[in-house]
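Analysis of the macromolecular model
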Amino acid sequence: MLIPVILSGGSGTRLWPLSRKNMPKQFLALAGDSSLFQQTVARTHRLVDATSPIVVCSEDHRFLVAEQLLELDVKGASIMLEPLPRNTAPAIGLAALQAMERDPDAVILVLPADHLIGDEQNFQQAVASALPVAREGWLVTFGIRPDGPETGFGYIRRGEGIPGAFRVARFVEKPDAATARSYVDDGGYDWNSGMFMFQARRYMEELEQHAPGISAAVRASFETASADLDFVRIDKSSFTASPEDSIDYAVMERTDRAAVVPVSCGWSDIGSWSALWSAAEKDSDGNRLEGDVMAIDSRNCLVRAGDRRLIATIGVDDLVVIDTPDATLVTRRDRAQDVKKLVDQLKTEGRPEHMFHRKVYRPWGSYDSIDMGDRFQVKRIVVKPGAALSLQKHHHRAEHWIVVSGTAEVTRDQEVYLVSENQSTYLPLGAVHRLRNPGKVPLELIEVQSGSYLGEDDIVRLEDVYGRA
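Treat the numbers as computed from the prediction; the structure is a model and nothing was measured. (Residues numbered from 1 in each chain as written. Predicted model: local features only at pLDDT ≥ 70, side-chain atom pairs only at ≥ 80, totals over all residues. Heavy atoms only, no water.)

**A look at helix H2 (residues 62–71)**
- Among all positions in H2, only Arg62, Phe63, Leu64, Val65, Gln68 and Leu69 are buried.
- One or two positions beyond H2, positive phi appears at Asp73, with a value near 60 degrees. (Buried < 20%, exposed > 50% of the residue type's maximum accessible area, 1.4 Å probe, protein only. Helix = DSSP H or I, 4+ residues; strand = E, 2+ residues; numbered from the N terminus.)

**Let's talk about the side chain of Asp190**
- Summarising the element assignment, Asp190 is placed in strand E9 (residues 189–199).
- Separated by 3.0 Å, the side chains of Asp190 and Arg145 make a polar contact.
- Once residues within four sequence positions are removed from consideration, Asp190 is found in contact with Gly143, Ile144, Arg145, Pro146, Gly154, Tyr155, Ile156, Arg158, Val260 and Pro262. (Polar contact = N/O pair within 3.5 Å; in protein donor to acceptor, adjacent residues only side chain to side chain. Contact = heavy atoms within 4.5 Å.)

**So, the nonpolar core**
- Leu30, Phe37, Val140, Phe142, Met197, Trp273 and Leu435 are the most contacted members of the largest nonpolar core, which totals 87 residues.
- If one sorts the elements of this core by residue count, helix H4 (residues 120–135) sits on top with seven residues.
- Apart from residues no more than four positions distant in its own chain, Met197 is found in contact with Leu2, Val107, Ile108, Leu109, Val127, Ala130, Leu131, Ala134, Trp138, Leu139, Val140 and Phe142.
- The next biggest cluster of nonpolar side chains, apart from the first, holds 41 residues, and it includes Val56, Leu84, Ile92 and Ala96. (Core = buried A, V, L, I, M, F, W, Y, C linked by side-chain atoms within 4.5 Å.)

**Here's the deal with the packing of aromatic side chains**
- Summed over the entire model, instances satisfying the criterion amount to 10 aromatic pairs.
- With 5.7 Å between their ring centres and 85 degrees between their planes, Phe63 and Phe231 make a pair best called edge-to-face. With Phe63 in helix H2 and Phe231 in strand E11 (residues 231–233), this residue pair connects regions lying 168 residues apart in the sequence. Across the pair, exposure class does not vary: Phe63 and Phe231 are buried alike.
- Ring geometry for Tyr155 versus Tyr183: centroids 5.1 Å apart, planes at 55 degrees, classification tilted. Residue Tyr155 is located in strand E7 (residues 155–162), and its partner Tyr183 is located in helix H5 (residues 177–186); the two are separated by 28 residues in the primary sequence.
- Three or more aromatic residues link up through ring pairs in this structure, and these residues are Phe63, Phe231 and Tyr466.
- The positively charged end of Arg257 is found above the aromatic ring belonging to Trp138, 4.2 Å away from the centroid. (Phe/Tyr/Trp six-rings, centres within 6.5 Å; stacked < 30°, edge-to-face > 60°. Lys NZ or Arg CZ within 6 Å of the ring centre and 35° of its normal.)

**Looking at the sheet that holds strand E24 (residues 397–405)**
- An order of E20-E21-E22-E29-E24-E27 is seen for the six strands of this open sheet, with the pairing classed as antiparallel. This sheet does not close on itself; its edge strands, each paired only once, are strand E20 (359–362) and strand E27 (424–427). Looking at each pair of strands side by side, their axes are set apart by 20 degrees on average, direction ignored. (Pairing = 2+ DSSP bridges. Axes fitted to C-alpha atoms, helices over the stretch in contact; angles between N-to-C directions.)

**With respect to the sheet that holds strand E14 (residues 288–290)**
- Taken in spatial order, the four strands line up as E14-E16-E18-E19 in an open sheet, and their pairing is mixed. The open sheet is flanked by E14 and strand E19 (328–332), the only strands paired with a single partner. Shown here is a sheet whose adjacent strand axes are inclined to one another by a mean of 5 degrees, direction ignored.
- Where E14 meets strand E16 (residues 302–304), three bridges bridge the pair, whose relative direction is parallel. Bridge assignment links Glu290 to a residue of E16, and that residue is Arg304.

**A look at unusual backbone geometry**
- Looking along the chain, the bond that leaves Trp16 and enters Pro17 is cis, with omega of 10 degrees.
- Mapping Pro17 onto the fold places it in the loop between strand E1 (2–8) and helix H1 (36–45).
- The backbone phi angle of Asp49 is positive, close to 70 degrees, even though this residue is not glycine.
- For Asp49, a relative accessible area of 64% corresponds to the exposed category.
- With a phi angle near 75 degrees, Asn87 is a residue other than glycine that sits in the positive phi range.

**Let's talk about helix H11 (residues 339–348)**
- Among all positions of H11, only Val339, Val343 and Leu346 are buried. Looking down the long axis of H11, one finds its buried residues gathered within 55 degrees of arc, a one-sided arrangement. Of the residues in H11, the exposed ones pointing more than 90 degrees away from the buried face are Lys341 and Thr348.
- On its buried face, H11 is in contact with helix H10 (273–279) and E19.
- With its phi angle positive at about 70 degrees, Gly350 sits one or two positions after the end of H11. (Arc of directions from axis to C-beta.)

Everything listed here is a matter of coordinates, which is why it stays silent on function.
What follows is the structure, given as structure tokens:
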């Protein structure tokens, strides 16, 4: 079997304010109508003989992954939940063990969930070239042929040729500008893409040899994993014992069986807003304009408007302007990598903008905090057909629900009743309640909260079909 493994644990902090902890860049439609994650999954479906994927993701993102796979009508995927981040070497180990349960001789194709591939035909040819090399026991990485002296990527020095690939002579860290130029001029270096192919059992053999602490923790946590709805929940106590290392450091730089298949496939890791501008189609002034944008005498800019207002620029060059309902970023393109510093500052100050959008997605639908003040908050709530919120209560707030469209089934203490369009209901502080959409169209309502404390942690869940605490 050729089993795609999609690594979906990244946080995408350099694409703030669009990418945030609860909705990182892989789940966003940054380049096309579907998300980067969905594009990656769809790309594997077009590979010859590839099976349904194994996805490794954060527990916090499990419902995003399931929902986006459902939109693609993907069946038979394994969704493995990392209880905490431990970098790529342990994550790939989990996926390798899962793949070996499907087929002891499985070959896995490891792909980050958040990369762009512009030339899919060349990508498919590279995968086809790598497959027999991997079956011979090599650990294959895909090297991107550089089109310039990029300082933001690591490089791979090609060694002697082997059938279908090259030995890896060495991996080198991100260089300075002069060194990067020398690599490009040399012609024997490729960018390190973070994409790999190897037999699952060969990876585990190499992991055991070069990183036995990771191997032991991964095996122990996998052996005690449990099924939870459509997910494979990895044991936290065992997985916590794993060292935190990348596959490059733990295995690829240490093995004597590393091979590289060079490829030119229009690849981008979308590692910054500047990288997205470079990969995007632009107008005659070099601008990438998305949404309701007017640009006069503006050049080489990336401007992305939110859903609710016009963004206008006059006489500016080389800017990135990203607008969302609760935060707007303005930076020069050559400073786009520094967005991570801003996110770090938001974390230090305890601000919520690094973690949540104003609109928050949940397995049952979404809510949008449209107004907030002292002792009150107003939310627009949308519940998917057939979905229900948890049976819950609050210690510090009461709630009023006004149905805008659809029909709500409301549980309030011992009562269960329907609330139709243009009707409302009141849930006093401490009342045990649940909201369910019994219909076939989305339920939309306005929720008005009032009380001394309105935080999301004032929820006592008594029953929850999604397994949340």
